[in-house]
Amino acid sequence: MRTRLSRTTLLIAMLMAVALATACVPVAPAAQSGDGSAALKDVTLLLDWTPNTNHTGIYVAQDKGWYEEAGLNVDIVIPGESDVHQVVGAGSADFGVSYQEGATFARVEGVPIVSVAAVIQHNTSGFASRSSAGIGGPTDLAGKRYGSFGSPIEYPTIDLLMKCAGGSAEDVEFIDVGWADFLSITEADQVDFAWIYYAWTGINAELQGIDLDIIMLKDYLECIPDYYTPILITSESMIASDPETVSAFVGATARGFEFAIENAAAAADILLAANPDLDADLVHASQEWLANEYRAEAAQWGIQTGEVWQAYADFLIDGGIIESFEGESAYTNEFLPEKE
């Protein structure tokens, strides 16, 4: 993991250097390939985590040649220690995999990023613990140790969830664990609970016969409203200066996820071929579960609404976490392919 992080950090630094070096150079006509056709446009996609089934549609689009068909050469980058919002907002990566809660905080701080597609229609995350920890609901988090991955959204989310049930995150011990594996750190008794995606860590625990208690956020909508996680983001400047590339990327990615919805087993095999270190049983089980979650009841994959964006922001405003937010400017459906 450390090797991957340092390589990615170096790549991001190189991207920033190239961007600065070319900023003052006149734009040349598009390069031509040997047969006279236009060369593929290089774009960078920064993931939010190591490759998993939240990303399957991306790898499907890559494998099927749909990015190339759209005129793109997509470099998929595993994240380092840099924040995806800052990297994409600065133009050092063209696209990124993010999540609505993080994007909301980033936009409040003035980071010019926009969500161009919802990878999953509903929140499938939750606070998980081994059953031996005795955490059955939000009030049981008091006095427990939380494994934090270092995001500013963690404390307010836990705090507002607990306050809704009559508690407070002041009674939780936050321990920085970074990218550590949830099952490993709970087995070693380093923490009592952590924030997980059920479709990956929850299913992995089930396959291993490990009993978990999970406070799924979708079960506490009266406390924390539903939101999109993950999402695809780009920068405001990318949308303004190169909407054709944004449309091409989102369209090809949409094809990838629609394929994964209809062909879960084949999509899982594609993800595994690109990332052979992944556990095959976990990938297939997770892919089967997510096939019904990517699009859920929405008319098409990727679509978002201002109501969902604003409801989550209003929840943060009511909790005194942020002062204001304009949900309609945080996302766009403009680049999704027309529904057939």
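Residue numbers run consecutively from 1 along every chain, following the written order of its sequence. Local features are withheld for residues below a pLDDT of 70 in this predicted model, meaning they are given only at 70 or higher, and side-chain atom pairs are given and counted only at 80 or more; totals for whole chains, interfaces and linings count all residues. Computation of side-chain values: all heavy atoms of the structure, hydrogens and water removed.

## Here's the deal with the overall build of the protein chain
- What counts as a helix is a DSSP run of H or I of at least four residues, what counts as a strand is a run of E of at least two, and both are numbered from the N terminus. Check the secondary structure of the protein chain and you find 13 helices and ten strands.
- The buried share among the 340 residues of the protein chain stands at 52%.
- Residue contacts are counted whenever heavy atoms from the two residues lie within 4.5 Å of one another. The contacts in the protein chain between residues at least 6 apart in sequence include a share of 79% that link residues at least 24 apart. To sort residues, take the accessible area from a 1.4 Å probe on protein chains only and compare it with the maximum for the residue type: under 20% means buried, over 50% means exposed, and anything in between is partly exposed.

## Focus on helix α10 (residues 243-262)
- Between its terminal C-alpha atoms α10 stretches 28 Å, which fits the 28 Å expected from 20 residues at 1.5 Å a residue.
- Extensive coverage of α10 is indicated by the burial of 14 of its 20 residues. Here the expected length of a helix is defined as 1.5 Å per residue gap, with one fewer gap than residues.

## A closer look at the pattern of salt bridges
- The salt bridge definition used is simple: a Lys or Arg side-chain nitrogen within 4 Å of an Asp or Glu carboxyl oxygen. This model, assessed by the stated rule, comprises nine salt bridges.
- Taking the shortest distance from any N to any O, the salt bridge between D242 and K41 comes out at 3.5 Å. Of this pair, D242 sits in the loop between α9 (236-241) and α10 while K41 sits in strand β1 (residues 41-46), and the two are 201 residues apart along the sequence.
- Given a relative accessible area of 16%, D242 falls into the buried group.
- Between R295 and E258 there is a salt bridge, and its shortest N-O distance comes to 2.4 Å. Residue R295 is located in the loop between α12 (280-290) and α13 (306-318), and its partner E258 is located in helix α10; the two are separated by 37 residues in the primary sequence.
- Within this structure, R145, D189 and D192 form a network of salt bridges that share partners.

## Structural notes on the confidence of the model for the protein chain
- Per-residue confidence from the prediction method is given by pLDDT, with values spanning 0 to 100. For the protein chain, per-residue confidence averages 90 on the pLDDT scale, and residues scoring 70 or more make up 89% of the total.
- This stretch, residues 1-36, has a pLDDT under 50; its non-local contacts, to residues over four places away or in other chains, come to 30 contacts.

## As for the pairing of strand β4 (residues 113-118)
- Burial analysis of β4 places six of its six residues in the buried class, the great majority of the element.
- A pair of strands is considered paired only if DSSP assigns at least 2 bridges between the two. Judged from the five bridges that link them, β4 and strand β10 (residues 231-235) form a sheet pairing that is antiparallel. Each bridged residue has a counterpart across the sheet, and for I113 the counterpart in β10 is S235.

## Things to note about the state of the cysteines
- In what follows, a disulfide is any cysteine sulfur pair within 2.5 Å. In the structure shown here, the tally under the stated rule is one disulfide.
- At a sulfur-sulfur separation of 2.1 Å, the disulfide partner of C164 is C223. Here C164 and C223 share a disulfide; its torsion about the S-S bond, -70°, makes the bridge left-handed. Residue C164 is found in helix α6 (residues 154-164), and its partner C223 is found in the loop between β9 (212-216) and β10; the two are separated by 59 residues along the sequence.
- In this structure C223 comes out as buried when scored by relative accessible area, which is 11%.

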